[in-house]
Amino acid sequence: MHFIKKWAMPLNHQDLLKNYNGLFHISEEAGIQIFEPRPSPSFFKAITGNVVFAIDGKLLHNYLLPRDCPRVTYYATPATTEADKERFIGGSNATHIVAIESGWYQRLKETTLYSYEFPADGFIIVDECAGYYVSYQPVVPLSLTPVTDIIAELLSRNIELRFTPSLIRLADAVGKSTLNFSNIRMRNAGK
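Note that this is a predicted model, so its numbers are computed, not measured.

So, how was this worked out
Residues numbered from 1 in each chain as written. Predicted model: local features only at pLDDT ≥ 70, side-chain atom pairs only at ≥ 80, totals over all residues. Heavy atoms only, no water. Helix = DSSP H or I, 4+ residues; strand = E, 2+ residues; numbered from the N terminus. Buried < 20%, exposed > 50% of the residue type's maximum accessible area, 1.4 Å probe, protein only. Contact = heavy atoms within 4.5 Å. Areas by Shrake-Rupley, 256 points an atom, 1.4 Å probe, with all protein chains shown as cover. Pairing = 2+ DSSP bridges. Axes fitted to C-alpha atoms, helices over the stretch in contact; angles between N-to-C directions. Core = buried A, V, L, I, M, F, W, Y, C linked by side-chain atoms within 4.5 Å. Phe/Tyr/Trp six-rings, centres within 6.5 Å; stacked < 30°, edge-to-face > 60°. Lys, Arg positive; Asp, Glu negative; His and termini not counted. Salt bridge = Lys/Arg side-chain N within 4 Å of Asp/Glu carboxyl O. Polar contact = N/O pair within 3.5 Å; in protein donor to acceptor, adjacent residues only side chain to side chain.

### Things to note about the overall build of the protein
Here is step 1 of the chain: Looking only at helices and strands, the protein has four helices and 11 strands in total.
Here is step 2 of the chain: Taking all 191 residues of the protein together, the buried fraction comes to 48%.
Here is step 3 of the chain: In the protein, the proportion of contacts linking residues at least 24 apart, taken out of those at least 6 apart, comes to 83%.
Here is step 4 of the chain: In the form shown here, the protein has an accessible surface area of approximately 9,900 Å², with 52% of it arising from carbon and sulfur atoms.

### Re the sheet that holds strand β8 (residues 132–135)
Within a sheet, each strand pairs with its neighbour through backbone hydrogen bonds, oriented either parallel or antiparallel.
Here is step 1 of the chain: Reading across the sheet, the six strands line up as β7-β8-β3-β2-β6-β9 and stay open at both edges, with antiparallel pairing between neighbours. Edge strands, defined here as strands with exactly one partner in the open sheet, are β7 (124–127) and β9 (143–147). Within this sheet the neighbouring strands show an average axis-to-axis angle of 40°, counted without direction.

### Considering the nonpolar core
Here is step 1 of the chain: Counting 30 residues, the largest nonpolar core has L64, L65, I100, L108, Y132, L154 and L161 as the members making the most contacts within it.
Here is step 2 of the chain: When contributions to this core are tallied by element, the ones reaching two or more residues are β2 (23–27), β5 (96–101), β8, α3 (150–155) and β10 (159–164).
Here is step 3 of the chain: Of all hydrophobic cores here, the second largest spans 12 residues; its members include V72, I89, I97 and A99.

### Overview of the pairing of β7
Here is step 1 of the chain: In this structure, β7 lies alongside β8, joined through three bridges in antiparallel fashion. Residue pairing across strands places D127 opposite Y132, the latter belonging to β8.
Here is step 2 of the chain: Remark: four residues form the turn of the hairpin made by β7 and β8, two consecutive strands paired antiparallel; G131 in that turn has positive phi of roughly 75°.

### Here we look at the packing of aromatic side chains
Here is step 1 of the chain: Applying the stated criterion to the full structure yields nine aromatic pairs.
Here is step 2 of the chain: When the ring of F44 is compared with that of Y132, the centres are 5.8 Å apart and the planes differ by 85°; the resulting orientation is edge-to-face. In this pair, F44 is assigned in the loop between β2 and β3 (52–56) and Y132 in strand β8, connecting sequence segments 88 residues apart. The exposure classification of F44 matches that of Y132, with both residues buried.
Here is step 3 of the chain: Judged by centre distance (6.0 Å) and plane angle (75°), the ring pair of Y74 and F88 falls under edge-to-face. Here Y74 is found in strand β4 (residues 71–75), whereas its partner F88 is found in helix α1 (residues 82–88), with 14 residues between them in sequence.
Here is step 4 of the chain: Given a relative accessible area of 1%, Y74 falls into the buried group.
Here is step 5 of the chain: Grouped by ring-pair contacts, the aromatic residues F35, Y116, F118 and F123 constitute a single cluster.

### A look at the pairing of β4
Here is step 1 of the chain: With five of five residues buried, β4 is to be regarded as a mostly interior element.
Here is step 2 of the chain: Of the two faces of β4, the one holding R71, T73 and Y75 and the one holding V72 and Y74 are both buried throughout.
Here is step 3 of the chain: Sheet analysis places β4 next to β5, joined by four bridges and oriented antiparallel. Paired with T73 across the strands is V98, a residue of β5.

### Focus on the side chain of D56
Here is step 1 of the chain: Its place among the elements puts D56 in strand β3.
Here is step 2 of the chain: Here D56 is buried and forms no salt bridge, its nearest opposite-charge partner K58 lying at an N-O distance of 4.4 Å.
Here is step 3 of the chain: Within the structure, D56 has its side chain in polar contact with the backbone nitrogen of K58 (distance 2.7 Å).

### Focus on the environment of T81
Here is step 1 of the chain: The residue T81 is located in the loop between β4 and α1 in this model.
Here is step 2 of the chain: For the pair T81 and T178, spaced 97 residues apart in sequence, the C-alpha separation works out to 6.4 Å.
Here is step 3 of the chain: One polar contact links the side chain of T81 to the main-chain amide nitrogen of D84, over a distance of 3.1 Å.

Encoded structure:
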């Protein structure tokens, strides 16, 4: 597997979203006062109605990107083989890899995101690997944090941000590996 660019940064950037243990929702819309349950955009056997989605703070980096940006995110677990670690992570000290297509670089630089922190009450986990939680009740956010420099925020989280012309082959290969992964918005990926 090869990438056009790897972008890593020392972890001395002041973290904008310090709570890695909370539940969050990332949006490009500021000022949402209440999140109403809606139909799930993806099928989950455990979801039985309209829901509000949240992401675990430990995997928040998977969503610190423009909403429609395709991405392949992955990390090693104790079950990951040494061959897969070497092939997909290499000598990186990062705990997680986030790969996006090079064509999204400018949009990444220009987008402001809004991180809504949610109370944990009423949420249930539906996908531990991806850190997805849902609530069947409306949710009033606890706080709102703008993220004006997405790249700096991503790189402050001990992840490695990678750019590649196309994610298709990477998504396929990671999906066949022993890594934990999320392939997100792949319908928007280039060929």
